[in-house]
Amino acid sequence: MRRVVTLVVAMLVLPWVCHGAGYVCANYALGGKIDGSSLGIEMGGVFLSDLHPQDGALSVGIGVSVADTDDDPPSADTPPVQQPTYSAQREYNDGYEQEVSLVLGAELIPAFFAVLGVGYASQDTVLVGTTAGNQHYKLDTETDTNVSLMLGMRYVLRGLNMGLGFHTRRGVMVSLGIAF
């Protein structure tokens, strides 16, 4: 918890110290590979930079999101020592998919940014076997991990931050927030 608080404080104070602006935005996405809705939050900073080809601004942000991917696996027992014969086996998503991402942006024209994000998503899964008598047994549990990419555009001006993009796991993503 202490690391999270330190990170949040750094993301809020660093833009001010570097004569930049900070931003916080909420993200909503729908569709994509997970085919479910997703909610997230992103925090970052916008800085004037000599690294920009036309002396414009660059942005750096860190985001977290969760996607509703729960398949509601059936209640399952631990299999007995002597394995029964299963008539079917199915893998279920168990809970939400969580993601942490790094988001970079470059100003194309004043206040209009091209944005690229790279993320790491994880999801718990459970393999359930069903016998002919309709008895469910939990055969295996795993954590499914994926690398994700996001490409979008963002408009940041005087307290307003709004964007539109596409996320490989989440689908079409819309963001709205504040810049300070």
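Everything numeric in this text was worked out from a predicted model, so none of it was measured.

Visitor: Which residues make up the pairing of strand β7 (residues 136-157), and what are the values?
Guide: One ladder, built from 19 bridges, connects strand β6 (residues 112-131) with β7; its direction is antiparallel. Of the residues in β7, the one forming a bridge with Val118 is Leu149. In this antiparallel pair of consecutive strands, β6 and β7, the connection spans four residues, and Asn134 shows a positive phi of 65°. Inspection of the sheet shows β7 paired to strand β8 (residues 160-167) by eight bridges, in the antiparallel sense. Counterpart to Met150 in the pairing with β8 is His167. Where β7 folds back on β8, the antiparallel hairpin that results is connected by two residues, among which Arg158 adopts a positive phi of roughly 40°.

Visitor: An account of the nonpolar core is needed here, citing residue identities and associated values.
Guide: In terms of nonpolar packing, the biggest core is built from twelve residues, these being Tyr23, Cys25, Ala29, Val46, Ala57, Val103, Phe113, Val115, Met150, Val156, Met173 and Ala179. Of all the secondary structure elements, the ones that give two or more residues to this core are β1 (21-31), β6, β7 and β9 (171-179). Residue contributions to this core peak at three residues, all from β1. Sequence-distant contacts of Val103, that is, excluding residues within four places in its chain, are made with Glu42, Ser59, Val60, Gly61, Val115, Leu116, Gly117, Met150 and Arg154.

Visitor: Describe the packing of aromatic side chains, listing the residues and the values that go with them.
Guide: This model, assessed by the stated rule, comprises one aromatic pair. Aromatic pair Tyr86 and Tyr137: ring centres 6.2 Å apart, planes at 65°, arrangement edge-to-face. Of the two residues, Tyr86 is situated in strand β4 (residues 86-93) and Tyr137 in strand β7; the sequence distance between them amounts to 51 residues.

Visitor: Give a description of the pattern of salt bridges that names residues and reports values.
Guide: Evaluation of the coordinates by the stated rule reveals four salt bridges. Residue Glu97 pairs with Arg169 through a salt bridge whose shortest N-O separation is 2.7 Å. One end of the pair, Glu97, is in strand β5 (residues 97-109); the other, Arg169, is in the loop between β8 and β9, with 72 residues separating them in the sequence. Classification of Arg169 as buried rests on a relative accessible area of 12%.

Cut-offs applied
Residues numbered from 1 in each chain as written. Predicted model: local features only at pLDDT ≥ 70, side-chain atom pairs only at ≥ 80, totals over all residues. Heavy atoms only, no water. Pairing = 2+ DSSP bridges. Helix = DSSP H or I, 4+ residues; strand = E, 2+ residues; numbered from the N terminus. Core = buried A, V, L, I, M, F, W, Y, C linked by side-chain atoms within 4.5 Å. Buried < 20%, exposed > 50% of the residue type's maximum accessible area, 1.4 Å probe, protein only. Contact = heavy atoms within 4.5 Å. Phe/Tyr/Trp six-rings, centres within 6.5 Å; stacked < 30°, edge-to-face > 60°. Salt bridge = Lys/Arg side-chain N within 4 Å of Asp/Glu carboxyl O.

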